[in-house]
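# Observations on the model geometry
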Amino acid sequence: MARIVVTGRIPSDGLDLLRRHHEVTAWDEDRAITREELLGFVRGADGLVTLLTERVDGELLDAAGEQLRVVANVAVGFNNIDVDACVTRGVTATNTPGVLTEATADTAFTLMLMATRRFGEGERVIRSRTPWQWGMFYLLGMGIQGKVLGIVGAGAIGIAMARRAKAFGMSVLYTGPVPLTPEVEAELGARRVEFGELLRTSDVVSLHCPYLPETHHLMGAHEFELMKPTAYLVNSARGPIVDEAALVAALQAGELAGAGLDVFENEPSVHEGLLDMDNVVLLPHLGSATTETRTAMAVLAADNAIAVLAGRDPVTPVTPVPGRG
Ligand code: DGY
């Protein structure tokens, strides 16, 4: 029996699975564990099951000890993990792709509809008890039918977003290091274009790329200038892909029409400038937040940890990013 440390609360299906194979110590407070607590908590672990709120770096791996063999992140994004530090120490890092694709695409699509149709704004009118009356010109938004969706990063979630968009009558452009197969392009009616063309042409730009050093502030002042003043930005990927201060400035200058954001540059803080903007929809990182999805993520992370500790290949090791080194 190995010792597994779970660094935050996860659904019981995942925890029970781990407990059937190993001795498990799990952080079970509602608040996130502090860094100091974490460094002590992981000591002696053979496996760690981590959340995206924990920074898994050399310091943490060393605090766990030389016996550590696996870090199973309960998220598809693994920008919180220093993969090189894991490789150097012979620790396998895993993530949870696939199981959260549909839930996250649902979130991105919802943000797009909420922003373009001004539904967030409408809801705030009613909740604030502001008097209102139906009118032909009241809170008119932009219809998405016949419009262009630009997908930045056509991985599984980007493709799932494109599928939804096609069903709603949008046409799809995408960028990404690797072209989709001709079959998938045909299914989605999608065309691969240069990033600049995507920004200039799209009515909605939706971000689905991983957060890497090269995608830090991928959307900044220059990119917002390229967008149509009638266009919207949707981000359900990672906050720091967007330069939040530049986004606020661009929205204030009318360089784009609005935004729907599920993730933020300095979570859980949100740039003050966004908070009072009616054309911005803000969600507290709910991308994968369904009971079914979070359960599947916890079970997949547990499967990964159990596989590595049994000397088998993990189900979903973190994979090299296409087009990168
Ligand atoms: C992920 O898995 O990376 C998501 O952000 C969690 O919702």
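Residues numbered from 1 in each chain as written. Predicted model: local features only at pLDDT ≥ 70, side-chain atom pairs only at ≥ 80, totals over all residues. Heavy atoms only, no water.

## Concerning the site of the ligand
So the rule is basically this: What makes a residue near a molecule or strand is one non-hydrogen atom of that residue sitting within 4 Å of it. Polar contact is the term for a pair of N or O atoms within 3.5 Å; when the atoms are in protein, one must be able to donate a hydrogen and the other to accept it, and sequence-neighboring residues count only if both atoms are side-chain atoms. Per-residue accessibility takes into account occlusion by the displayed protein chains alone, with areas from the Shrake-Rupley method and a 1.4 Å probe. Put simply, Ala, Val, Leu, Ile, Met, Phe, Trp, Tyr, Cys and Pro go in the nonpolar bin, Asp, Glu, Lys and Arg in the charged bin, and everything else, Gly too, in the polar bin.
Neighbouring the ligand are Leu52, Ala75, Val76, Gly77, Leu100, Arg238, His285, Ser288, Arg294 and Met297. Side-chain polar atom of Arg238 to an oxygen atom of the ligand: 2.6 Å apart, as the coordinates give it. His285 places a side-chain nitrogen or oxygen 2.8 Å from an oxygen atom of the ligand. Considered on its own, the ligand offers 230 Å² of accessible surface; in the complex 93% of this is hidden by protein. For the shell around the ligand, the per-class residue count stands at five nonpolar, three polar and two charged.

## Quick notes on the packing of aromatic side chains
The condition is simple: Only centres within 6.5 Å qualify two rings of Phe, Tyr or Trp (six-membered ring in Trp) as a pair; their planes then separate them into stacked at under 30 degrees, edge-to-face at over 60, and tilted for everything else. Counting from the N terminus, the helices are the DSSP runs of H or I reaching at least four residues and the strands are the DSSP runs of E reaching at least two. Only protein chains enter the accessibility calculation, which uses a 1.4 Å probe; a residue is then buried when its area is under 20% of its type maximum, exposed when over 50%, and partly exposed in between.
For the structure shown, the criterion picks out two aromatic pairs. Centre to centre, the rings of Trp27 and Phe41 are 5.7 Å apart; their planes meet at 85°, and the pair counts as edge-to-face. Note that Trp27 is positioned in the loop between strand 2 (23-26) and helix 2 (35-41) and Phe41 in helix 2, a separation of 14 residues in sequence. Note on Phe41: relative accessible area 19%, which makes it buried.

## Some details on the sheet that holds strand 4 (residues 70-73)
Quick reminder of the rule: Pairing between two strands is assigned when DSSP locates at least 2 bridges connecting them. Helix axes are fitted only over the stretch in contact, all axes being lines through C-alpha atoms; the angle between N-to-C directions runs from 0 to 180 degrees. Here, two residues are considered to be in contact whenever any of their heavy atoms come within 4.5 Å of each other.
Pairing is parallel across the open sheet formed by five strands, whose spatial order is 2-1-3-4-5. The sheet is open, and its two borders are formed by strand 2 and strand 5 (92-94), each paired with just one other strand. Going across the sheet, the axis of each strand differs from the next one's by a mean of 15°, ignoring polarity. With three bridges joining them, strand 1 (residues 3-6) and strand 3 (residues 47-50) adopt parallel strand pairing. Paired with Val6 across the two strands is Val49, which belongs to strand 3. Here helix 1 (residues 12-21) sits on the sheet and contacts strand 1, strand 2 and strand 3; the angle it forms with strand 2, its principal contact strand, is near 145°. On the sheet, helix 13 (residues 291-309) packs against strand 1, strand 3, strand 4 and strand 5 and is oriented at approximately 170° with respect to strand 4.

## Regarding the side chain of Arg164
Relative to the elements of secondary structure, Arg164 occurs in helix 7 (residues 156-167). Apart from residues no more than four positions distant in its own chain, Arg164 is found in contact with Glu102, Ala105, Asp106 and Phe109.

## Remarks on empty space enclosed by the protein
The following threshold applies: Space inside and on the surface of the protein is sampled on a 1 Å grid over the protein atoms alone, with a cavity defined as a set of points where a 1.4 Å probe fits but cannot get out and a pocket as an open set with protein on both sides within 12 Å along at least 5 of 7 lines; lining residues have an atom within 4 Å of a point. Grid points are joined across faces, edges and corners, and a volume is the space filled by probe spheres set on the points.
A complete count under the given rule lists one cavity of 30 Å³ or more for this structure. Around the largest cavity sit Asn235, Gly239, Val242, Glu244, Leu247, Leu261, Val263, Phe264 and Glu265, which together line it. For the lining of the largest cavity, the class distribution of residues is five nonpolar, two polar and two charged.

## Considerations on a nonpolar patch on the surface
Selection criterion: Residues enter patches when their relative accessible area tops 30% and they take part in no salt bridge; the joining distance is 9 Å for like charges and 5 Å for the nonpolar side chains Val, Leu, Ile, Met, Phe, Trp and Tyr. Any carboxyl oxygen of Asp or Glu within 4 Å of a side-chain nitrogen of Lys or Arg constitutes a salt bridge here.
Among the surface-exposed residues, Ile126, Trp132, Trp134, Met136, Phe137, Tyr138 and Leu140 lie close enough to one another that they form a single nonpolar patch of about 930 Å² accessible area. Among the secondary structure elements, Ile126 is positioned in helix 6 (residues 119-127). Judged by its relative accessible area of 51%, Ile126 falls in the exposed class.

## Observations concerning the layout of surface pockets
Size it by volume and the second largest pocket reaches roughly 180 Å³. Around the second largest pocket sit 13 residues that line it, and Gly120, Arg124, Val280, Val281 and Leu282 are the ones nearest its centre. If you list the elements that add at least two residues to the lining of the second largest pocket, you get helix 6, helix 12 (272-275) and strand 12 (280-282).

## Remarks on the environment of Asp303
If you trace the backbone, Asp303 turns up in helix 13. Residue classification places Asp303 among the partly exposed residues on the basis of a relative accessible area of 30%. The spatial distance from the C-alpha of Asp303 to the C-alpha of Arg124 is 43 Å, given a sequence separation of 179 residues. Sequence-distant contacts of Asp303, that is, excluding residues within four places in its chain, are made with Leu17 and Val315.

## Some details on the domain arrangement of the protein
Heads up, the condition is: Each domain's limits were defined by an automated method or a database of domain assignments. The term buried area refers to how much accessible surface (probe radius 1.4 Å) is lost by two components on association, counted for both of them together.
Here the domain parsing of the protein yields domain 1 (3-99 + 291-309) and domain 2 (101-282). On a C-alpha basis, the centroid separation for the pair domain 1 and domain 2 is 31 Å. Each partner contributes to the interface: domain 1 provides eight residues, whereas domain 2 provides five residues. Both faces considered, domain 1 and domain 2 share a buried interface measuring about 460 Å² in area, 47% of it formed by carbon and sulfur atoms. It is Leu52, Asn79 and Gly98 in domain 1 that bury the most area against domain 2; as a group they hold 64% of the surface buried on that side. Our count for the domain 1 to domain 2 interface comes out at zero salt bridges. There are two residue pairs in polar contact (both at pLDDT 80 or more) connecting domain 1 and domain 2. Among the residues forming the side of domain 1 that touches domain 2, the class breakdown is four nonpolar, four polar and no charged.

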